[in-house]
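# Chain and residue survey
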Number of protein chains: 2
Amino acid sequence: MPDVIVLSVSYDGTDLSGFARQPTSDTVQGRLEAALATILRAPVETVGAGRTDAGVHALGQLVTYEATGAEPDARAFMRSLNALCGPDVVVTGIRKAAPGFSARFSAVGREYRYRIVPGPVAPLFLKRYAWWTPTALNLGAMREAAGCLLGEHDFRSFCAASSAIGKRTVRRVEAIEVVPAREMGEHCIVVRIVGNAFLHSMVRIIVGSLVEVGRGKHSALWMKDALEACDRSAAGPTAPPQGLTLWQVDYPEECWL
Amino acid sequence: MPDVIVLSVSYDGTDLSGFARQPTSDTVQGRLEAALATILRAPVETVGAGRTDAGVHALGQLVTYEATGAEPDARAFMRSLNALCGPDVVVTGIRKAAPGFSARFSAVGREYRYRIVPGPVAPLFLKRYAWWTPTALNLGAMREAAGCLLGEHDFRSFCAASSAIGKRTVRRVEAIEVVPAREMGEHCIVVRIVGNAFLHSMVRIIVGSLVEVGRGKHSALWMKDALEACDRSAAGPTAPPQGLTLWQVDYPEECWL
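Everything quoted here is computed from the prediction, not taken from an experiment.

### A short note on the relation of the copies chain A and chain B
- The two copies are related by a screw motion: chain A maps onto chain B through a turn of 180 degrees and a shift of 0.0 Å along the axis, at an RMSD of 0.0 Å. Put plainly, the chains are arranged around a two-fold axis. By C-alpha distance to the rotation axis, the residue of chain A lying nearest is Glu183(A), at 3.2 Å.
- Taken together, the interface assignments show that 100% of the residues at the interface of chain A recur at the interface of chain B, consistent with an identical surface on both copies.

### With respect to the domain arrangement of chain A
Residue and element names in this part refer to chain A.
- By domain assignment, chain A separates into domain 1 (4–106) and domain 2 (109–248).
- Centre-to-centre separation of domain 1 and domain 2, based on C-alpha positions: 27 Å.
- Between domain 1 and domain 2, the residue contacts involve 16 residues of the former and 14 residues of the latter.
- Approximately 1100 Å² of surface area, both sides summed, lies buried where domain 1 meets domain 2, with 50% of it carried by carbon and sulfur atoms.

### Digging into the state of the cysteines
- Counting across every chain of the model gives zero disulfides over all chains.
- Just so you know, Cys148(B) is unpaired, no disulfide at all, and the nearest cysteine sulfur is the one on Cys230(B), 14 Å from it.

### Here we look at the pattern of salt bridges
Residues and elements named next belong to chain B.
- On inspection of all chains with the given rule, the structure shows 24 salt bridges over all chains.
- As a salt-bridge pair, Arg-204 and Asp-53 come within 3.3 Å of each other at their nearest N and O atoms. A residue pair is termed long-range when its members are at least 10 positions apart, and Arg-204 in helix H5 (residues 202–214) and Asp-53 in the loop between strand S2 (47–48) and strand S3 (57–66) qualify at 151 residues.
- Residue classification places Arg-204 among the buried positions, given a relative accessible area of 13%.
- Measuring nitrogen to oxygen at the nearest pair gives 3.0 Å for the salt bridge that ties Arg-192 to Glu-111.

### Comments concerning the interface of chain A and chain B
- Counting residues at the interface gives 29 residues for chain A and 29 residues for chain B.
- Looking only at chain A, the three residues that lose the most surface to chain B are Leu124(A), Phe125(A) and Met184(A), adding up to 32% of its buried area.
- In this assembly, chain A and chain B are joined by zero salt bridges.
- Of all the secondary structure elements, the ones that give two or more residues to the side of chain A that touches chain B are strand S1 (4–11), strand S3 (57–66), helix H2 (74–85), strand S4 (89–97) and strand S8 (170–183) of chain A.
- When grouped by side-chain class, the residues that make up the side of chain A that touches chain B number 17 nonpolar, four polar and eight charged.

### Structural notes on the packing of aromatic side chains
- Under the counting rule described, the total for this entry stands at 16 aromatic pairs over all chains.
- An angle of 80 degrees between the planes, with centres 5.3 Å apart, marks the rings of Phe125(A) and Tyr129(B) as edge-to-face. Here Phe125(A) is found in the loop between strand S5 (109–118) and strand S6 (131–133), whereas its partner Tyr129(B) is found in the loop between strand S5 (109–118) and strand S6 (131–133) on a different chain. For the pair Phe125(A) and Tyr129(B), a shared accessibility class is recorded, and that class is buried.
- An aromatic cluster is present here, built from Phe101(A), Tyr251(A) and Trp256(A) joined pairwise through their rings.
- One cation-aromatic arrangement involves Arg95(B) over Trp256(B); the distance from NZ or CZ to the ring centre is 3.8 Å.

### With respect to unusual backbone geometry
- Look at the link from Gly86(A) to Pro87(A): it is a cis peptide, with omega at 0 degrees.
- Along the chain, Pro87(A) falls in the loop between H2 and S4.
- Of note, Ser201(A) is a non-glycine position whose phi angle comes to about 70 degrees, a positive value.
- With respect to the helices and strands, Ser201(A) occurs in the loop between strand S9 (186–195) and helix H5 (202–214).
- Positive phi, close to 55 degrees, is recorded for Arg41(B), a residue that is not glycine.
- If you trace the backbone, Arg41(B) turns up in the loop between helix H1 (28–40) and S2.
- The class for Arg41(B) is exposed, based on a relative accessible area of 76%.

### Looking at the pairing of S5(B)
Residue and element names in this part refer to chain B.
- With eight of its ten residues buried, S5 lies for the most part within the structure.
- Two strands pair when backbone bridges link them, and S5 and strand S9 (residues 186–195) are joined in this way by seven bridges, in the antiparallel orientation. Following the sheet pairing, Arg-110 is matched in S9 by Gly-195.
- Sheet analysis places S5 next to S6, joined by three bridges and oriented parallel. The residue bridging Val-117 from the neighbouring strand is Trp-132, located in S6.

### Thoughts on H5(A)
All names here are of chain A.
- Between the first and last C-alpha of H5 there are 18 Å, a value that for 13 residues agrees with the 18 Å anticipated at 1.5 Å per step.
- Here H5 lies mainly inside the structure; 13 of its 13 residues are buried.
- In the stretch just after H5, Gly-216 is the one whose phi turns positive, near 85 degrees.

Cut-offs applied
Residues numbered from 1 in each chain as written. Chains lettered and ligands numbered in written order. Predicted model: local features only at pLDDT ≥ 70, side-chain atom pairs only at ≥ 80, totals over all residues. Heavy atoms only, no water. Least-squares fit on C-alpha atoms with pLDDT ≥ 70 in both. Contact = heavy atoms within 4.5 Å. Domains from an automatic or database assignment. Buried area = accessible area lost by both parts, 1.4 Å probe. Disulfide = S-S within 2.5 Å. Salt bridge = Lys/Arg side-chain N within 4 Å of Asp/Glu carboxyl O. Helix = DSSP H or I, 4+ residues; strand = E, 2+ residues; numbered from the N terminus. Buried < 20%, exposed > 50% of the residue type's maximum accessible area, 1.4 Å probe, protein only. Nonpolar A, V, L, I, M, F, W, Y, C, P; charged D, E, K, R; others polar. Phe/Tyr/Trp six-rings, centres within 6.5 Å; stacked < 30°, edge-to-face > 60°. Lys NZ or Arg CZ within 6 Å of the ring centre and 35° of its normal. Pairing = 2+ DSSP bridges. Expected span 1.5 Å × (residues − 1).

Right under this line is the structure:
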């Protein structure tokens, strides 16, 4: 079996139709596969660690494909890929992994971050990278609500309803933090979530629910009821995509060649 | 004499022709004065703390004008101003100062920050807010060179030549730091400069010169020679505008009403 080539990829999702290839839309996977086919002179099928939605960003997405043997040296290869994919899709690193390695199935942890800008003034530098909520948010209540989600649970309430039908919806949330931050000089709240894997729209529905708690529409303990209901309609709305970034994906150390 | 209204203003300079009003270009001052005239139903003349160039950003620009007495309450006023000026010019606060106060002449300190992204991979989220230099930079050498500029000096070498003719070019640099940072998840170098006032293009010429030292084109001590030459051609090139942000302007505490 051939070695696996592993690309680290960042993208600004603002003008893209998400990660997964689609016949007629501009997607991250579509751009990468077209660039790889041009450089390697053969069709290439890639796998991504996270299938982010339209408008969602990534800092540390991982994308794999089986080595063709035609790859030029890493530096020139990266330059060519970036010339063909950019400027809003950027390959930041290239590594090799053992045969059988998959960006998606070998991943043991994924970290997402979601930026919220609360208050009366719209974000400026963070405009394309945050959700603006004009009302103030109660951080303490949001933290208490977030705590209800820690550990292994059936997250069916936090899964886009159409994606949950007939699927196993148990996932493990290993860490969830709600922290005030300053980025580009602007004040924001960052929700940081680490888990083994995530359901479709899971992070955005969690954030949409946390913001309802932060606004005082629900108590912190409502989150526990929403979780236990195993019903999408029990949770809050789906937060908009532009606040979300796939931050990092973790793999067992022994995967790397 | 009337009280003075003080607006805190942030802007993304990418698509603007700088701060200062111009008859036919889209500028920050032009937008603010047009919005104020619409709301207050009278022509308004404003003064800004720093006349930033085209493409330069501001987080904490201050803009003043003489109160007309027709100002609505601060919240509604800010909302109206932002509806008319936005989305790339944002009024973040409104205060009153004593008669005679001027955003420009009452300022006792100005802080600018300049972001540089060194290395082979172009910045993504910082693309509009940083200068990408594909070569690596020697931080230690840059810091040593920066140290030569501390204190009161004739900065004629670091002033756009056309602006220096017949003018006093002595300024005081109170702090200058070259620090590695991570913003929006991307690694960058931030040059932070605090001084009483700055000459035209002074920060950008200082950064352009520091980068020449960082690249190894000149030694750190060359900066001292460049300063002492009092001649624009002795310093490095002017760094591009998009890396620069007017970060903060300081006034004596007793100015505020």
